[in-house]
Amino acid sequence: MNIVLVGAGPRNLSLVERLMAHAKSTTEPVDITLYDPFPIGGRVWNPDQDPTFLMNTVTQQLTLFTDPSVPNHASTALYGPNFYEWSVTSGKEYVKMHDFKNEAYFLDELTRINPNRFTSRALFGVYGQWFFEHLGAHVPANVTLSYERRSVTDVVKQDNQYTVTIDGTDTIIADQVVMALGHVDNSLNDEEQAFADAAAGNANMLYVAPTHPSEADLDAVPAREKVVLRGLGLSFFDYIAKLTISRGGRFSRDNNGVMYYLPSGKEPHMIAGSRKGLPMHARGVNQKVAAEGYQPLFFTSENLDKLAEKSNGQVTYDEFFTLLRKELEYKHYQNTINDFGVTWPFNAAEFMDALAASDDLNETARKYGISEEYIMDWDRILNPVDDVPAEVEYSDFMMNYLTWDINDANQGNNDAPYAGAFDMLRDVRGIIRHYLDAGYLSSDEYAKFLSKFNPFNSLISVGPPVLRVEQMRALIEAGVLEVAGPGLAVSVRDDHYVATDNRGNTWTVNNLVEARLFPVSLAASTNPLVANLRDRGLLSAAEYTKADGSTYVVGGTRMNKEDLTVIDANDNEVDGLFIWGVPTEGWSWFTTFAPRSGVNDKNLRDAENIARRIFGK
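Residues numbered from 1 in each chain as written. Predicted model: local features only at pLDDT ≥ 70, side-chain atom pairs only at ≥ 80, totals over all residues. Heavy atoms only, no water.

A look at the nonpolar core
- Ranked by internal contacts, the top residues of the largest apolar core, which has 130 residues, are I32, V177, M179, F320, Y435, F449 and F453.
- The residues touching F449, leaving out its near neighbours within four places in the chain, are Y317, F320, I432, Y435, L436, L441, N454 and W589. (Core = buried A, V, L, I, M, F, W, Y, C linked by side-chain atoms within 4.5 Å. Buried < 20%, exposed > 50% of the residue type's maximum accessible area, 1.4 Å probe, protein only. Contact = heavy atoms within 4.5 Å.)

This is the structure we're talking about:
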């Protein structure tokens, strides 16, 4: 059996181990080959990228090995160290034995590594390379394992096999093909194309289109000139690191522990903004051990199932969010009253029991004497800009907002009143997926989920390390970074880019950087493999019809959510062709995460299910 894995990132690496474990149950020769134009680790975790780009998960919560928490995992599984365990046992030795471009940086990181902090994405790529070599030393007798740094550009189904085209020229025959492609590039939309055309026709203008931060040509952004960064999401924090630390700037702390910035003089003046005008909330400092998770009281699969039973199998988005909001409020108040420095006018046990029995937790908190400053004000959390008077400088508001966010996040992802509640969303993702996959949403309600919950989840639970938010505040204070108000819009006028916001500000610049990735869009993808499969109908997006007769299409491609087999445009499963991860976003939910040990991780579970399907189990 010839198995081709397209992409050498964490998903397919963990799948290799699963395939090897299942291959031990047969005497049939099994050939497994990974293809990726990037080194082992793939595009996101490339060990050769700028190591200033940080991961978004702490080291002790990352792994590539399966574990007993994954149902049905093969008894012949190969267990091994998680990322942190590897780092403190054999990481330095491994780095010294290989000729890594970032060797000095890696050794510095490994010397200071901490289980509850964040490392570079490049170093996790090194762990991926070690993992692949480790697997190579444990290959079963009937298995051949290899990796080729080349691109798969097409896959054509012929009877029960596939002709796989490599680099547009060479072909091989495969029995099974698994695609884990990550974020792929799209064609530019009309606005982006207009920006690119303007820059192409004017040597004084620069436009950097959406792409992976490690591949953006930020060296072309001139020092001391103004540059507009569109986007305040995770990529934005990579970009400001690249435009400051990578240009010789340094961050330090004063005697009170407050971070400040020492410019190198090579930085541009950054003007950053987005539609909402807010960065993501900082992730709380980690207090959780690798497999620890919050156990919900209100927001449970059982409660969602009970709602469905009462409503002919349907659970509206509002019903879903009401349960989730109650859970967040409950955790918020639990963390708030754990501050022993405050003398609360009630018995804590009685207060928590009252909250557990309440349908309006905020009102119950008020009745117990909780002051308004501690009340979970959702308008203030989601739209704090609405309360900013016109006469207040937006930079002053942003400094205060970031200071509040930093102080809260530093209390920890278990204990912080806000960050501790927000982090709970990471622990209940399985319940959210149960809600989505159980058929409880109509097409109208799913559209509501996509438009309301996804931005909510992104804002409060998938943000950057608190370190990055501290750096953002320091850059504002140093005058290197300016944050635009909500409603950032950019146009081309008189051979310049003109940016405006809803607070009446205008900036005229020559440099515009899209500080974001392309959205997931099967229709707009320019990846040759994706485009070829799409154009032949092997990859297809889901179309939903709403009650009013209108339709909408999600960006991601469809697959069987149990075993990840591709579903084609005719609604047929394509046997032997699999796809998982980011290209399925919209059909799947929340695909941008790396494997975590001990929690029945979805990536590891999916790898097990693919392997079982391939080996007919």
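Back to the write-up after that little detour.
Structural notes on the layout of surface pockets
- Roughly 950 Å³ of volume is contained in the second largest pocket.
- Residue assignment for the lining of the second largest pocket shows that the elements contributing at least two residues are α3 (103–111), β10 (250–253) and α16 (466–477).
- In terms of residues, the lining of the second largest pocket owes the most to one element, α16, which gives five residues.
- Tallied by class, the residues present in the lining of the second largest pocket amount to eleven nonpolar, ten polar and seven charged. (1 Å grid on protein atoms, 1.4 Å probe; cavity = no way out; pocket = protein on both sides within 12 Å on 5 of 7 lines; lining within 4 Å. Points joined across faces, edges and corners; volume = space filled by probe spheres on them. Helix = DSSP H or I, 4+ residues; strand = E, 2+ residues; numbered from the N terminus. Nonpolar A, V, L, I, M, F, W, Y, C, P; charged D, E, K, R; others polar.)

Description of the packing of helix α6 (residues 234–242) against α16
- At a minimum axis distance of 11 Å, the contact between α6 and α16 shows a crossing angle of 55°. One finds that α6 runs oblique with respect to α16. As α6 runs across α16, the sense of the crossing is left-handed. Every residue of α16 that contacts α6 at F236, F237, I240 and A241 is listed here: R468, V469, M472 and L475. (Axes fitted to C-alpha atoms, helices over the stretch in contact; angles between N-to-C directions. Parallel < 35°, antiparallel > 145°, perpendicular 65-115°, else oblique. Left-handed = near helix turned anticlockwise from the far one by under 90°.)

A look at the pairing of strand β14 (residues 489–493)
- The pairing of β14 with strand β15 (residues 496–500) spans five bridges and is antiparallel. Among the inter-strand pairings, S491 is bridged to a residue of β15, identified as V498.
- Linking two consecutive strands that pair antiparallel, namely β14 and β15, is a turn of two residues; a positive phi of about 55° is found at D494 within it. (Pairing = 2+ DSSP bridges.)

Observations concerning unusual backbone geometry
- Within the chain, D159 stands out as a residue other than glycine whose phi angle is a positive 55°.
- Mapped onto the secondary structure, D159 falls in the loop between β4 (152–158) and β5 (161–166).
- In this structure, D571 is a non-glycine residue whose phi angle is positive, near 70°.
- Tracing the backbone shows D571 in the loop between β20 (565–567) and β21 (573–579).
- By relative accessible area, which is 55% here, D571 ends up exposed.

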